[in-house]
Amino acid sequence: MELKVSSLAERPEMRERVLDMADSWPEFVTQDPVGNAHYGRISAELPEYVLFAEDERGEVVAHAHSVPFALRAEDRGELPARGWDEILVWAFGDLRRGVRPDTVSAISVVVDPRLQGRGLSARMLSAMRDNARAHGFTEVVAPVRPSGKHLEPHTPMEEYAYRVRSDGLPYDPWLRVHARAGAAVHAVAPASMTVAGSLEQWRDWTGLPFDTRGDIEVPGALVPVRCEPERGYAVYVEPNVWMRHAL
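All figures in this text were calculated on a predicted structure; none of them were measured in a lab.

Teacher, can you tell me more about the overall build of the chain here?
Counting its secondary structure elements, the chain contains 7 helices and 9 strands. Whereas a compact globule of 247 residues would reach a radius of gyration of roughly 18 Å, the chain reaches 18 Å, a difference of no more than 12%. Projected onto its principal axes, the C-alpha positions of the chain cover 50 × 45 × 45 Å. Relative to its 247 residues, the chain shows a buried fraction of 51%. Working note: accessible area of the chain is about 11600 Å², and carbon and sulfur atoms make up 49% of it. For the chain, the separation between the mean place of its 28 positive charges and that of its 37 negative charges on side chains is 3 Å.

Pasting the structure below:
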């Protein structure tokens, strides 16, 4: 497939089409309040870090969001345990205060569900790396959501993240794409995303009863959701895997 990759800084008129592209996120994942408060700001305030791909017909078939931030700022230095959520907070805090960024973090790579499995995610990851390099950065980090982990919700992420195949590459397909691009597993972000809601909200998001106390397996969830019926809520704390790409 021939792709044309552009940034929203180059073609701002494409913003609505990019954001409206179909995706395959589980409904509950889109309910993270930190993500909801910041994700849309990337295309509005940092359009040079939003890339999108068009096919031969001009249809948007994939996009990639990233953000620059100051990893080496005072009181930082380490990639945060709160992963995806924390990076969004750091990036927009740095932007507001005029702090000079030194690192780029991947935020998402999304492929039209009809075209998954054709290597588009690897191509968008490569474009993201090239874009960061073109902006003068020497490292991209990524709080990766392993694509196969939902099949093993009770396996500790610390075990899953470092599992490798006989060829030495990561067992997980999405971690493997990053590794082939030159990244290495750095650490687990144990609380990368947190989604809390009432039992009724969780029923709406998942179609499950959420009437039993304890860990609930939810399709698409990397770990079980903790349900507390007597208190009227359930909480999902998603671990991700920090990977580092030297450019």
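Would you take a moment to explain the packing of helix 2 (residues 33-45) against helix 3 (residues 83-97) for this structure?
Helix packing geometry: the angle between the two helix axes and the distance between the axes. Relative orientation of the contacting elements helix 2 and helix 3 amounts to 50°, with a least axis distance of 10 Å. One way to sum up the angle between helix 2 and helix 3 is to call them oblique. Between helix 2 and helix 3 lies a crossing of left-handed hand. Here Val 34, Gly 35, His 38, Tyr 39, Arg 41, Ile 42 and Glu 45 of helix 2 come into contact with helix 3, specifically with Trp 84, Asp 85, Leu 88, Val 89, Phe 92 and Leu 95. Its residues assigned to classes, the contact of helix 2 with helix 3 comprises 8 nonpolar, 2 polar and 3 charged.

For this particular structure, what's the right way to read the packing of aromatic side chains?
The description of two aromatic rings rests on the distance between their centres and on the angle between their planes. For the structure shown, the criterion picks out 6 aromatic pairs. Their ring planes at 35° and their centres at 5.8 Å tell us that Phe 28 and Trp 202 sit as a pair that is tilted. Of the two residues, Phe 28 sits in the loop between helix 1 (15-19) and helix 2 while Trp 202 sits in helix 7 (residues 199-206), which places them 174 residues apart along the sequence. Trp 202 gets classed as buried once you look at its relative accessible area, which sits at 0%. Ring geometry for Phe 69 versus Trp 90: centroids 6.1 Å apart, planes at 35°, classification tilted. Residue Phe 69 is located in strand 3 (residues 60-69), and its partner Trp 90 is located in helix 3; the two are separated by 21 residues in the primary sequence. The class of Phe 69 is buried, set by a relative accessible area of 0%. An aromatic cluster of three or more residues is present, and its members are Phe 28, Trp 202, Trp 205, Phe 210 and Tyr 236. Here the guanidinium or amino end of Arg 163 rests over the ring plane of Tyr 171, the centre of that ring lying 4.7 Å away.

Teacher, can you tell me more about the side chain of Glu 139 here?
Position of Glu 139 among the secondary structure elements: in strand 5 (residues 139-144). One polar contact links Glu 139 to Arg 244, side chain to side chain, over a distance of 2.7 Å. If sequence neighbours within four positions are ignored, Glu 139 has contacts with Leu 71, Arg 72, Thr 103, Val 104, Arg 244, His 245 and Leu 247.

In this structure, what is going on with the pattern of salt bridges? I would like to understand it.
Opposite charge on two side chains makes pairing possible when the charged atoms of those side chains draw close. Applying the stated rule across the entire model yields 20 salt bridges. When the shortest N-O distance is used, the salt bridge between Asp 94 and Arg 97 registers 3.2 Å. Placement of both Asp 94 and Arg 97 in helix 3 is noted, with a separation of 3 residues, approximately one turn of the helix. The salt bridge partner of Arg 226 is Glu 228, with a shortest N-O separation of 3.3 Å. Since its relative accessible area comes to 33%, Arg 226 is described here as partly exposed.

Explain unusual backbone geometry here, please?
For residues besides glycine, phi is generally negative; the peptide bonds are generally trans as well. One non-glycine residue, Asp 75, adopts positive backbone phi at about 75°. Along the chain, the position of Asp 75 falls in the loop between strand 3 and helix 3. Positive phi is not limited to glycine here, since Phe 210 has a value of about 45°. If you trace the backbone, Phe 210 turns up in the loop between helix 7 and strand 7 (214-216).

Honestly, the nonpolar core in this entry has me stumped. Any pointers?
Within soluble globular proteins, side chains that are nonpolar tend to cluster in buried spots. Core analysis: the largest hydrophobic core is formed by 73 residues, its most contacted members being Phe 28, Ile 42, Phe 69, Trp 202, Phe 210 and Tyr 236. Setting aside its immediate chain neighbours within four residues, Phe 210 contacts Leu 199, Trp 202, Arg 203, Ile 216, Val 218, Val 225, Cys 227 and Ala 234.

Parameters at a glance
Residues numbered from 1 in each chain as written. Predicted model: local features only at pLDDT ≥ 70, side-chain atom pairs only at ≥ 80, totals over all residues. Heavy atoms only, no water. Helix = DSSP H or I, 4+ residues; strand = E, 2+ residues; numbered from the N terminus. Rg over C-alpha atoms; globule rule 2.2 N^0.38 Å. Buried < 20%, exposed > 50% of the residue type's maximum accessible area, 1.4 Å probe, protein only. Areas by Shrake-Rupley, 256 points an atom, 1.4 Å probe, with all protein chains shown as cover. Lys, Arg positive; Asp, Glu negative; His and termini not counted. Charge placed at Lys NZ, Arg CZ, Asp CG, Glu CD. Axes fitted to C-alpha atoms, helices over the stretch in contact; angles between N-to-C directions. Parallel < 35°, antiparallel > 145°, perpendicular 65-115°, else oblique. Left-handed = near helix turned anticlockwise from the far one by under 90°. Contact = heavy atoms within 4.5 Å. Nonpolar A, V, L, I, M, F, W, Y, C, P; charged D, E, K, R; others polar. Phe/Tyr/Trp six-rings, centres within 6.5 Å; stacked < 30°, edge-to-face > 60°. Lys NZ or Arg CZ within 6 Å of the ring centre and 35° of its normal. Polar contact = N/O pair within 3.5 Å; in protein donor to acceptor, adjacent residues only side chain to side chain. Salt bridge = Lys/Arg side-chain N within 4 Å of Asp/Glu carboxyl O. Core = buried A, V, L, I, M, F, W, Y, C linked by side-chain atoms within 4.5 Å.

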